[in-house]
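As a plain string of letters, each chain reads:
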Amino acid sequence: MVSLSRAHALRFRRSVPVTLGRGALAPILGFAVVFAGFGARTGMPLAAAAVLGAIGGTSSLLVHEFGHVRVARRFDGIRSASVSLLWLGAATRLEGAYKRGSEQTRVAIAGPRASFEFGLSIAALAVLPMPLPLREAVLMLALLNVAIGVLTLIPAYPLDGYKLMVGLLWSATGSRQSAQRVLGRIGRVAAVIVPPATAILVAAKPSIGLGAAIMAGTLFMQNQLLRKPSPNARKRVAARPPSGPGAR
Ligand SMILES: [Zn+2]
């Protein structure tokens, strides 16, 4: 992970620059704290757990985004693709436009697929001989990648699941605009149904309901942040919104 100046970003245009956006330290520190807390319960030294979380967690976000970038760069319409680490995760920034729905579908699914594959590779590492607390931390990292894959497949803007739906509907209807119109209508219905449904869930099953409410709040925040790119980022971002999870 490197921070590149504008000049460097241009020079390495074809080699995928990774830029540190606003709040790039937040996910790194967040993973360190979560893994340190996990280590405290399993008996792993705190510093080792924090370092594993900071490096492993951040790598997990980047692997996901590079999954998108690797596939996006195969398409003529995409002029450049880069990855930004920012508040609440990471995002892929693409310049250019897809020519057909199948391209958007393939780019959207590539991130979650990379997360699942990385998660499986990490899980495979856990069969190696190692102290039990370390094995538990490695398995937690594997689980984190599976969670990133699953969560980003939720069909809500700006997540991959939404872009996947746009791509599939675009392929089916032959028009990106009608795909977005259909999803816009579904979104407006969801905006009416989801808040009261969440309130009922919080009342009935507080732990699941609060978890869902926090996740919805995080998605909303990320949506807001992605709509207002930093002045520096705005110069580089073309007319299209960036893709990626939040996290990523
Ligand atoms: Zn993604």
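Residues numbered from 1 in each chain as written. Predicted model: local features only at pLDDT ≥ 70, side-chain atom pairs only at ≥ 80, totals over all residues.

> Even after reading the chapter, I still don't get the overall build of the chain, so can you show me in this structure?
A tally of regular secondary structure across the chain gives nine helices and three strands. In the chain, the succession of helices and strands from N to C terminus is α-β-α-α-β-β-α-α-α-α-α-α. Summarising the internal contacts of the chain: among those between residues at least 6 apart in sequence, 63% fall at separations of at least 24. (Helix = DSSP H or I, 4+ residues; strand = E, 2+ residues; numbered from the N terminus. Contact = placed C-beta atoms within 7 Å.)

> Please explain the pairing of strand β3 (residues 89-96) as it appears in this structure.
On a regular strand, each side chain points to the face opposite its neighbour's, so the side chains alternate between the two faces of the sheet. Among the eight residues that make up β3, six are buried, leaving the element largely enclosed by the rest of the structure. Pairing between strand β2 (residues 78-86) and β3: eight bridges, direction antiparallel. When the bridges of β3 are listed, leucine 85 appears paired with alanine 90. If you look at the hairpin formed by β2 and β3, you'll find two residues sitting between the two strands, and leucine 88 has a positive phi there, around 65°. (Buried ≥ 20, exposed ≤ 12 C-beta atoms within 10 Å, placed from the backbone. Pairing = 2+ DSSP bridges.)

> What should I look at first to understand the nonpolar core in this one?
Side chains of nonpolar character tend, in soluble globular proteins, to be buried together. Phe35, Ala49, Ala72, Ala137 and Leu141 are the most contacted members of the largest nonpolar core, which totals 46 residues. Elements supplying a minimum of two residues to this core: α2 (25-42), α3 (46-72), β2, β3, α4 (101-125), α5 (132-152) and α6 (160-173). Sort the elements by how many residues they give to this core and α3 lands first, with nine residues. If near-sequence neighbours (up to four positions away) are discounted, leucine 141 is found in contact with Gly56, Ser60 and Ile122. (Core = buried A, V, L, I, M, F, W, Y, C linked by C-beta atoms within 7 Å.)

> Please explain the packing of α4 against α5 as it appears in this structure.
The packing of two helices is summarised by the inter-axis angle and the distance between the axes. In contact at an axis separation of 8 Å, α4 and α5 are set at 165° when each is read in the N-to-C sense. The orientation of α4 with respect to α5, classified from their angle, is roughly antiparallel. The hand of the α4/α5 crossing is left-handed. Across the interface between the two elements, Gly111, Pro112, Ser115, Phe116, Phe118, Gly119, Ile122, Ala123 and Leu125 of α4 pack against Val138, Leu139, Leu141, Ala142, Asn145, Val146, Ile148, Gly149 and Thr152 of α5. Here the contact of α4 with α5 is built from residues that sort into twelve nonpolar, six polar and no charged. (Axes fitted to C-alpha atoms, helices over the stretch in contact; angles between N-to-C directions. Parallel < 35°, antiparallel > 145°, perpendicular 65-115°, else oblique. Left-handed = near helix turned anticlockwise from the far one by under 90°. Nonpolar A, V, L, I, M, F, W, Y, C, P; charged D, E, K, R; others polar.)

> What is the right way to look at the pairing of β2 in this model?
For β2, a buried count of seven out of nine residues is recorded, marking the element as mostly surrounded by other parts of the structure. With three bridges connecting them, strand β1 (residues 18-20) and β2 associate as parallel partners. Bridge assignment links valine 18 to a residue of β2, and that residue is valine 83.

> Teacher, can you tell me more about unusual backbone geometry here?
Note: most residues except glycine have negative phi, and most peptide bonds are trans. Following tyrosine 157, the chain continues to proline 158 via a peptide bond in cis, the omega torsion being 5°. As for its position among the elements, proline 158 is in the loop between α5 and α6.

> How should the environment of serine 59 be read in this particular structure?
Mapped onto the elements, serine 59 comes out in helix α3. Put simply, serine 59 and isoleucine 28 are 31 residues apart on the chain and 9.5 Å apart in space, counted from C-alpha to C-alpha.

> Would you explain the confidence of the model for the chain in this entry?
Detailed conclusions should not be drawn from predicted coordinates in areas where pLDDT is low. Chain-level pLDDT for the chain is 81 on average; 81% of the residues reach the 70-or-more range. Throughout residues 1-13 the model reports pLDDT below 50, and contacts reaching past four residues in sequence, or to other chains, amount to 16 contacts. Taken as a whole, residues 229-248 scores under 50 in pLDDT and shows 53 contacts with residues more than four places along the chain or in a different chain. (pLDDT = per-residue confidence, 0-100.)

> Would you mind going over the sheet that holds β3 with me for this structure?
Strand-to-strand pairing in sheets goes through backbone hydrogen bonds, with the strands running parallel or antiparallel. Overall, mixed pairing links the three strands, which are arranged β1-β2-β3 in an open sheet. Of all strands in the sheet, those bounded by a partner on one side alone are β1 and β3. Averaged over all pairs of adjacent strands, the angle between strand axes in this sheet comes to 30°, irrespective of strand direction.

> Would you mind showing me how to read α2 here?
Since the α-helix turns once every 3.6 residues, residues separated by three or four places project in the same direction. The first and last C-alpha atoms of α2 sit 26 Å apart over 18 residues, in line with the 26 Å expected at 1.5 Å per residue. Three or more residues of α2 are buried, namely Pro27, Phe31, Ala32, Phe35, Ala36 and Gly39. All buried residues of α2 lie within an arc of 165° about the axis, which places them on one face of the element. Away from its buried face by more than 90 degrees, α2 exposes Ala40 and Arg41. Buried positions along α2 lie against α3, β2, β3 and α5. (Expected span 1.5 Å × (residues − 1). Arc of directions from axis to C-beta.)

> Explain the environment of arginine 70 here, please?
Relative to the assigned elements, arginine 70 resides in helix α3. A tally of 15 C-beta atoms within 10 Å means that arginine 70 is categorised as partly exposed. Counting along the chain gives 37 residues from arginine 70 to valine 107, while the straight-line C-alpha distance between them is 8.5 Å.

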